[in-house]
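# Commentary on secondary and tertiary structure
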Amino acid sequence: MTSSSPHPYMTCREFLAMAIAFEQDAAQFYRDLQQNVEDETARQLLALLEKQERDHERVLKGFTPSEPNAIIQFPPELIKTMPPKPDGPIALSQLIELAIERERRTKEAYRTAAHSVSGAFRDLAEGLAKFEEEHEDKLKS
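Residues numbered from 1 in each chain as written. Predicted model: local features only at pLDDT ≥ 70, side-chain atom pairs only at ≥ 80, totals over all residues. Heavy atoms only, no water.

### Digging into the nonpolar core
Applied cut-off: Residues grouped as a nonpolar core are buried Ala, Val, Leu, Ile, Met, Phe, Trp, Tyr and Cys residues, joined through side-chain atoms within 4.5 Å. The buried label goes to any residue with under 20% of its type's maximum accessible area, the exposed label to any with over 50%, and the partly exposed label to all in between, with areas taken from a 1.4 Å probe on protein chains only. Each helix corresponds to a stretch of at least 4 residues labelled H or I by DSSP, and each strand to a stretch of at least 2 residues labelled E; elements are numbered beginning at the N terminus.
Membership of the largest hydrophobic core comes to 22 residues, with the highest contact counts inside it found for Phe-15, Leu-60, Ile-72, Tyr-110, Phe-121, Leu-124 and Leu-128. Elements that contribute at least two residues to this core include exactly helix H1 (12-34), helix H3 (92-114) and helix H4 (119-140). Ranked by size, the runner-up nonpolar core spans 13 residues in total, among them Leu-49, Ile-90, Leu-98 and Leu-139.

### Looking at the environment of Glu-134
Mapped onto the secondary structure, Glu-134 falls in helix H4. With 27 residues separating them in the primary sequence, Glu-134 and Lys-107 have C-alpha atoms 9.5 Å apart.

### Notes on the packing of aromatic side chains
Selection rule: Stacked, edge-to-face and tilted are the three classes for Phe, Tyr and Trp ring pairs, Trp counted by its six-membered ring, which pair at centre distances within 6.5 Å; planes under 30 degrees apart are stacked, over 60 edge-to-face, the rest tilted.
Taken as a whole and assessed by the stated rule, the structure comprises two aromatic pairs. Geometrically, the ring pair formed by Phe-15 and Tyr-110 is edge-to-face, given 6.0 Å between the ring centres and 75 degrees between the ring planes. Taken as a pair, Phe-15 in helix H1 and Tyr-110 in helix H3 lie far apart in primary sequence, 95 residues in all. Relative accessible area serves as the criterion here: at 0%, Phe-15 is assigned to the buried category. Where Phe-29 meets Tyr-30, the ring centres are 5.3 Å apart and the plane angle is 70 degrees; that geometry is what we call edge-to-face. According to the relative accessible area criterion, Phe-29 is buried, its value standing at 5%.

Following this line, the structure appears as structure tokens:
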């Protein structure tokens, strides 16, 4: 859903589709970064994050919203707000900072969404925020 309005609205079904697309994009992001790191520990961390993003995608694809047409006010351009992937090799410290920023932005977007709705839709948004918070915590540790 694209809108020129500063306050776009989307249904729960559209939000879920956006979240699935975002998880797919995140998995691809981590897969691509694996090619840009030389440190084996960093590569293993990226592989783990990629796997978890794919797991999140599967969970979301299996979720059936109880109110698929419930409406939320939410900017649908989440993917466009993410920091860009580096063009070449990246130092481990830069990689971690980039990934933390990506997870932080996503977590905050989902938390904002959760504050705008109730019921199962709120549970979905809070669950998505929790997914991202877990990734952020792993990266920080």
